[in-house]
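# What the coordinates show
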Amino acid sequence: MAAYIFKRALIAVLTLLLIVLILFVLMAFLPGSPFNDERLTVEQIATLRAKYGLDQPLLAQFWSFVKNTFSGDFGVSYAIQKNVPISSLLSGRLPVSMRIGGQAILLGSLLGLVLGVIAALKHNTVWDTFCTVLSVVGVSIPSYVFALGLSYLFGFKLKWFPILYQSALPFHSSVLATVALSLFTMASIARFTRTELLEVLSSDYILFAQSRGIDGFRLIARHALRNALIPVITVLAPLVVGLMTGSLVVERIFSVPGVGQLLVEGIQANDYSVVTALSFVYSLIYIAIMLGVDILYGVIDPRIRLAKGEVQP
Amino acid sequence: MSDQKRADSAQNELFLAENALLSVRNLTVRFKTGYGVVGAVRGVDFDLKKGKTLAIVGESGSGKSVTVKALAGLLGENAAIESGSAVLRGPNGEKTDLFSLKRREMRRQINGRRIAMVFQDPMTSLDPTMPIGKQLMEGLRDHLHLGREKATEEAVRLLKLVEIPEAESRMRSYPHQLSGGMRQRVVIAMALSCNPEILICDEPTTALDVTIQSRILELIQDLQRKLGLSVIYITHDLGVVAKVADEIAVMYAGRIVERGLADEIFYDPRHPYTWGLLLAMPDVEMDSGELYTIPGNPPNMVGQTVGEPFAPRNEYALNIDFRREAPMFKLSETHYAATWLLHEKAPEVARPARFGRPPKRLN
Amino acid sequence: MTMQAEKKAENSAAEALAAEEFAFDEHDFEFAAQGVAAVRAAEPVLPVSFTKEALLRLAKNRGALCSLFFILLIVLLALVGPLVSGYGYSQQLTGHDNMAPRIQGLEKLGIFNGSEAVPMATGVKIVNKYEKLQGGEKVYHWFGTDVLGRDLFTRTWEGTRISLFIALVAVLIDMLFGMSYGLISGYFGGKVDLVMQRIVEVLHGIPNLIIITLLIIVLKPGLPTIILALMLTGWIGMSRVARAQMLKLKEQEFVLAARTLGARPFFLISKEVLPNIIGQLLVMSMFSIPSAIFSEAFLAFIGIGIPVPMASLGTIISDSFKSLTAHPYMMAFPVVVLGLLMLSFNLLADGLRDALDPRMKDR
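Residues numbered from 1 in each chain as written. Chains lettered and ligands numbered in written order. Predicted model: local features only at pLDDT ≥ 70, side-chain atom pairs only at ≥ 80, totals over all residues. Heavy atoms only, no water.

### A closer look at the overall build of chain A
- On a plain count of helices and strands, chain A comes out with 13 helices and zero strands.
- Seen in sequence order, chain A has helices and strands lined up from the N terminus as α-α-α-α-α-α-α-α-α-α-α-α-α.
- For chain A, the spread of C-alpha atoms along the three principal axes comes to 85 × 65 × 30 Å.
- For chain A, with 313 residues in total, the buried portion stands at 49%.
- Counting contacts in chain A only where the partners sit at least 6 residues apart, residues at least 24 apart contribute 72% of the total.
- With the model as given, the accessible surface of chain A reaches about 14200 Å², and the carbon-plus-sulfur share is 70%.
- Here chain A contributes 22 positive and 16 negative side-chain charges, whose respective centroids are spaced 7 Å apart. (Helix = DSSP H or I, 4+ residues; strand = E, 2+ residues; numbered from the N terminus. Buried < 20%, exposed > 50% of the residue type's maximum accessible area, 1.4 Å probe, protein only. Contact = heavy atoms within 4.5 Å. Areas by Shrake-Rupley, 256 points an atom, 1.4 Å probe, with all protein chains shown as cover. Lys, Arg positive; Asp, Glu negative; His and termini not counted. Charge placed at Lys NZ, Arg CZ, Asp CG, Glu CD.)

### With respect to the confidence of the model for chain A
All names here are of chain A.
- This prediction gives chain A a mean pLDDT of 81; 91% of its residues lie at or above 70.
- For chain A, the element scoring lowest by mean pLDDT is helix H2 (residues 42-51), at 71; helix H8 (residues 204-211) scores highest, at 91.
- The model gives residues 308-313 a pLDDT under 50, and that stretch makes 11 contacts with residues more than four places away or in other chains. (pLDDT = per-residue confidence, 0-100.)

### A look at the interface of chain A and chain C
- If you look at the interface, chain A gives 49 residues, while chain C gives 42 residues.
- Between chain A and chain C, roughly 4000 Å² of surface is buried when both sides are summed, and carbon and sulfur atoms account for 74% of that area.
- For chain A, the biggest contributors to the area lost against chain C are Tyr144(A), Arg252(A) and Ile267(A); these three give 15% of the whole.
- Between chain A and chain C we count two salt bridges in total.
- Among the ionic pairs, Asp350(C) bridges to Arg191(A), the shortest N-O distance being 2.6 Å.
- Connecting chain A to chain C are three residue pairs in polar contact (both at pLDDT 80 or more).
- Elements supplying a minimum of two residues to the side of chain A that touches chain C: helix H1 (2-29), helix H5 (126-140), helix H6 (143-157), helix H7 (175-201), helix H10 (236-253), helix H11 (259-268) and helix H12 (272-300) of chain A.
- Tallying contributions element by element places H1(A) first for the side of chain A that touches chain C, with 10 residues. (Buried area = accessible area lost by both parts, 1.4 Å probe. Salt bridge = Lys/Arg side-chain N within 4 Å of Asp/Glu carboxyl O. Polar contact = N/O pair within 3.5 Å; in protein donor to acceptor, adjacent residues only side chain to side chain.)

### Quick look at the interface of chain A and chain B
- The interface is formed by 25 residues belonging to chain A together with 34 residues belonging to chain B.
- Summed over both partners, the interface of chain A with chain B comes to about 2900 Å²; 53% of that surface belongs to carbon and sulfur atoms.
- At the junction of chain A with chain B, the criterion picks out six salt bridges.
- Residues Asp215(A) and Arg107(B) are paired through a salt bridge, measuring 3.9 Å at the closest nitrogen-oxygen approach.
- Applying the counting criterion to the chain A and chain B interface returns 12 residue pairs in polar contact (both at pLDDT 80 or more).
- Contributing elements (two or more residues each) for the side of chain A that touches chain B: H8, helix H9 (216-232) and helix H13 (302-305) of chain A.
- Among the residues making up the side of chain A that touches chain B, the classes are represented as nine nonpolar, seven polar and nine charged. (Nonpolar A, V, L, I, M, F, W, Y, C, P; charged D, E, K, R; others polar.)

### Here's the deal with the nonpolar core
- Counting residues in each nonpolar core, the largest one holds 115 residues, and the members touching the most others are Tyr144(A), Leu148(A), Ile253(A), Phe254(A) and Leu338(C).
- The biggest single contributor to this core is helix H13 (residues 329-356) of chain C, with 14 residues.
- Each residue touching Leu338(C), except ones within four places of it in the same chain, is listed here: Pro142(A), Tyr144(A), Val145(A), Ile293(C), Ala297(C), Leu313(C) and Ile317(C).
- Membership of the second largest hydrophobic core comes to 99 residues, among which are Leu48(B), Ala86(B), Met117(B) and Leu219(B). (Core = buried A, V, L, I, M, F, W, Y, C linked by side-chain atoms within 4.5 Å.)

### Some words on helix H11 (residues 265-301) of chain C
- For H11(C), built from 37 residues, the straight-helix expectation of 54 Å at 1.5 Å per residue is missed by more than 12%, its first-to-last C-alpha distance being only 45 Å.
- In H11(C), a bend of some 60° at Leu274(C) exceeds every other bend along the element, and Pro275(C), a proline, comes one to four places later. (Expected span 1.5 Å × (residues − 1). Bend = angle between axes of the 7 residues up to and from the residue.)

### Some words on the packing of aromatic side chains
- Within the structure shown, the criterion is met by 20 aromatic pairs over all chains.
- When the centroid spacing of 6.1 Å and the interplanar angle of 45° are considered together, the rings of Phe177(C) and Tyr181(C) count as tilted. With a gap of four residues between them, Phe177(C) and Tyr181(C) both fall in helix H6 (residues 152-188), about one helical turn apart.
- Looking at Tyr181(C), the relative accessible area reads 11%, which means it is buried.
- Its guanidinium or amino end placed over the ring of Phe208(A), Arg212(A) lies 4.7 Å from that ring's centre, counting from NZ or CZ.
- Directly above the aromatic system of Tyr336(B) lies the positively charged group of Arg259(B), at a separation of 4.7 Å from the ring centroid. (Phe/Tyr/Trp six-rings, centres within 6.5 Å; stacked < 30°, edge-to-face > 60°. Lys NZ or Arg CZ within 6 Å of the ring centre and 35° of its normal.)

### Details of the domain arrangement of chain C
- Assigned domains within chain C: domain 1 (50-87 + 149-360) and domain 2 (107-138).
- The distance between the C-alpha centroids of domain 1 of chain C and domain 2 of chain C comes to 41 Å. (Domains from an automatic or database assignment.)

### Here's the deal with the pattern of salt bridges
Residues and elements named next belong to chain B.
- Under the counting rule described, the total for this entry stands at 28 salt bridges over all chains.
- Note that glutamate 197 is salt-bridged to arginine 114, the shortest N-O span being 2.9 Å. Residue glutamate 197 is located in the loop between helix H8 (180-192) and strand E7 (198-202), and its partner arginine 114 is located in the loop between helix H3 (103-110) and strand E6 (115-118); the two are separated by 83 residues in the primary sequence.
- You can call glutamate 197 partly exposed: its relative accessible area is 22%.
- Lysine 330 is paired through a salt bridge with glutamate 333; the nearest N and O atoms lie 3.3 Å apart.

### Here's the deal with a positive patch on the surface
- A cluster of basic residues, Arg226(A), Lys134(B), Arg141(B) and Arg148(B), forms a positive patch at the surface.
- When you line up the elements, Arg141(B) lands in helix H5 (residues 132-142). (Patch = residues over 30% accessible without salt bridge, like charges linked within 9 Å, V, L, I, M, F, W, Y side chains within 5 Å.)

### Observations regarding the environment of Phe70(A)
Residues and elements named next belong to chain A.
- With respect to the element layout, phenylalanine 70 can be found in helix H3 (residues 58-70).
- As for phenylalanine 70 and leucine 284, which are separated by 214 residues in sequence, their C-alpha atoms are 9.9 Å apart.
- Phenylalanine 70 has contacts with Leu16, Val20 and Phe280, leaving out every residue within four places of it along the chain.

### A few points about the sheet that holds strand E10 (residues 255-261) of chain B
All names here are of chain B.
- The strand order E6-E7-E8-E3-E9-E10-E12-E11 describes an open sheet built from eight strands, whose pairing is mixed. In this open sheet, the two strands that pair with only one neighbour each are E6 and strand E11 (329-330).
- Direction of pairing for E6 relative to E7: parallel, over a ladder of four bridges. What sits directly across from alanine 116, in E7, is leucine 199.
- Packed on one face of the sheet, helix H9 (residues 210-227) meets strand E3 (53-57), E7 and strand E8 (230-235) and runs near 155° to E8. (Pairing = 2+ DSSP bridges. Axes fitted to C-alpha atoms, helices over the stretch in contact; angles between N-to-C directions.)

### Let's talk about the environment of Phe165(C)
- Along the chain, the position of Phe165(C) falls in helix H6.
- Taking the C-alpha atoms as reference, Phe165(C) lies 9.7 Å from Leu223(C); in sequence the two are 58 residues apart.

### Looking at a nonpolar patch on the surface
All names here are of chain C.
- Nonpolar side chains collect at one region of the surface, where Val75, Leu76, Leu79, Val80, Leu83 and Val84 lie side by side and expose about 530 Å² of accessible area between them.
- Summarising the element assignment, valine 75 is placed in helix H4 (residues 62-84).
- Judged by relative accessible area, which is 30%, valine 75 ranks as partly exposed.

Take a look at the structure:
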């Protein structure tokens with residue numbers, strides 16, 4: 001188990017380092033960066049380079065870049081809010097994005113699990129069809145189309161919820177954004193849960209349990225759900241990516257002052273340092289969650305936890 | 001089964017053969033599949049006597065597994081028991097038709113407590129995420145309502161009964177930590193945990209190493225003697241049958257084509273399919289170097305079939321085989337076979353010479 | 001067996017037959033015109049080829065068929081649509097801005113007649129811009145026009161064409177590259193596999209979103225950049241499937257046989273393995289197409305899609321988002337096309353998967 005965790009952690013660190021290297025190369029060399037702006041004079045560029053330590057040897061630059069990045073110092077914004085440290089831009093926005101993302105994943109997973117379990121238990125009934133159709137539609141409809149629909153219907157036409165996010169009403173005004181974001185999570189989890197549970201329900205050990213007179217709630221709770229839900233954990237990581245991508249769009253539509261919106265602004269304004277910083281933050285979150293999922297999976301599944309030559313003849 | 005049918009079968013007197021623990025009569029099971037309705041089991045009759053071993057033999061798809069799954073109430077949603085009865089004798093002589101029980105009653109009263117099953121693949125029969133001790137104690141606690149300590153004690157006793165070394169420490173093992181043979185022992189212990197009277201073994205050794213197969217068979221036989229179990233074996237392996245069976249039923253295409261005492265089947269087989277099966281069995285005394293195979297493949301039982309399903313593969317097929325299925329001809333109180341060759345007008349057939357007695361025809 | 005018992009058996013069988021009034025034919029009890037040789041010769045050939053059977057299963061899947069129909073319809077419209085509308089996709093008609101949909105024939109029913117409800121300070125007012133336009137009674141914009149006075153019907157289908165093109169090219173390259181990577185990794189195994197898989201694992205750890213955005217801000221936005229970005233992120237999944245299949249097939253007899261006969265790796269991979277996994281990869285790419293279309297639309301929406309005046313479904317939706325509350329029709333049509341396309345591809349992929357792997361059915 002320790003070896004397993006070590007291997008996973010090593011890959012995670014390697015990945016993160018690779019990302020930092022890519023970001024560094026982009027920052028230092030590519031044209032179109034703030035330092036290569038044609039309107040700047042040679043002197044101005046030199047001053048800027050000195051200010052950001054770009055006149056140092058490459059290795060020293062990289063080292064300080066790594067050090068700064070990992071200590072949360074991402075430099076300042078060049079375009080969006082000139083000379084404001086990115087870390088302070090982030091500190092206001094990250095909690096909002098995290099909260100809405102958290103709400104979405106909670107809502108999506110819960111609904112998805114319920115739908116998936118119902119679909120599998122009521123296999124080949126109207127319930128199953130309903131849940132399946134819902135989940136296919138859920139993965140097929142881009143979250144922003146859904147977000148726009150929600151915003152138009154419940155925000156504009158019915159006026160149940162505010163169209164735009166308001167900091168004064170942090171929950172009420174984030175409902176539509178949360179629902180829009182959670183659709184993909186819900187659909188994926190529902191689909192996956194259904195598949196897994198059906199697989200488990202048709203397995204030999206369920207049949208064997210039934211042949212020993214275990215039925216109904218006991219069977220589902222003790223044997224079926226446990227085994228079906230372990231693999232469901234693995235879809236969490238891809239779902240987080242889905243949430244990140246979704247948040248870019250959803251935050252724009254509901255004008256949520258979050259990280260996603262900041263990234264979009266950064267991309268549109270060509271603010272390299274913001275994009276780099278956010279790329280690092282997103283990657284860090286993603287890699288941390290992947291690692292967490294891997295470890296969790298190992299802890300829950302005894303086949304991985306105890307996978308070390310313990311087979312007895 | 002619909003309520004109407006249930007009421008009907010209650011009105012008819014429940015058929016239970018004398019000195020039988022379980023009598024199955026006219027069992028018919030159909031499957032609804034994407035390709036049409038499949039007659040998986042078509043009018044199967046057999047009796048199981050107390051303490052005896054019945055082997056149901058046939059190729060895959062012959063309906064042998066469906067037959068026993070029907071008895072254990074384990075048929076899938078797309079299967080329906082069209083007709084038939086399976087009457088089980090209670091301790092005080094009362095009769096219960098298994099097919100008249102609701103699913104819930106089946107699980108509560110029958111499964112595990114009176115009829116238990118052992119499946120083919122011990123690798124997949126156990127829940128991979130639960131220690132075997134906990135799985136073993138499930139039945140003890142749910143059915144026999146033992147307390148935790150009592151159940152643990154009993155579970156250890158059962159593990160010892162199936163000859164698992166260091167039973168106490170094995171309780172905490174997960175299935176993947178045990179070898180195939182060990183797992184099958186655990187499966188047997190679990191099946192026996194609530195003292196069933198009938199043990200159904202569905203190809204119990206097929207998935208195991210050859211070296212372990214006979215040890216598992218001996219264990220089952222040993223337990224059978226100790227506990228007075230009646231055992232039904234489902235197998236395609238006549239080698240297994242020869243070792244364990246008191247009575248044999250040969251199934252083909254959802255029907256029993258021949259049944260009788262083990263000696264009758266091995267030394268005086270009457271059905272060409274049984275001949276084929278026996279010839280296909282490797283034998284140390286075999287003189288010819290080549291092993292016989294029954295030509296062709298088992299039929300597809302979708303929709304209505306005309307004539308004997310075996311006829312196209314049968315070297316001894318008569319014209320009538322293509323028109324009509326043969327009725328069951330009674331050869332002795334215990335021996336029955338369904339082949340037109342036993343009809344009085346049928347031509348003389350030289351049976352393959354390998355079986356004990358020369359071929360003999362009814363007249 | 002006593003004569004008496006035999007007699008009785010015969011009688012009971014005969015009685016059963018008589019009861020059903022079955023008329024025997026004089027030839028019934030002659031051997032059927034088939035000897036051993038005939039039976040052996042009649043070894044059944046495989047009834048239908050695998051591909052044909054898979055297609056038959058697909059044809060039975062109504063959802064998949066429906067999806068196929070919609071995909072074909074959309075592709076057809078994407079090809080023909082821009083040609084028949086009479087407008088260019090980037091043609092800006094002065095005075096034709098913000099016009100609601102108007103369709104010949106349907107306008108008489110009171111729908112799609114070019115009028116729309118416009119919210120005013122004094123309440124909602126029905127406005128029909130075609131009436132104000134000079135010669136407007138002869139003008140038809142089937143899907144309306146956008147804020148710049150471009151015909152949305154033309155733009156929608158033009159955009160669909162571009163979106164489909166991007167998706168197809170990206171998935172095709174994905175499939176080729178991912179497949180080669182996976183097959184090579186799986187075939188050679190050992191150290192090659194180890195290194196190749198570590199690379200995949202590390203790359204897999206970088207969120208796609210980051211790869212795409214970095215790439216697009218580094219390179220000039222445009223069609224090739226977007227295709228490259230989609231391609232870079234899509235091949236990993238494909239390579240995993242290919243590798244897994246390769247590992248599975250590598251050990252099977254027919255590949256082993258070819259190997260022992262000295263077949264070269266390239267020959268082996270392309271002739272023996274590829275035909276066996278192409279179905280799976282096809283399914284995989286069917287799932288990738290909608291996700292590529294979605295990614296493109298997503299990029300457009302965050303402002304780094306293909307540059308104006310070109311249009312994709314994504315850019316049209318993104319543009320019309322700004323006037324969603326005033327002119328919802330602008331967005332409705334491209335959104336419906338996008339949704340329909342995504343849904344159809346997903347359903348078709350589902351159907352295809354079920355058809356190729358019947359075991360996956362009902363999962």
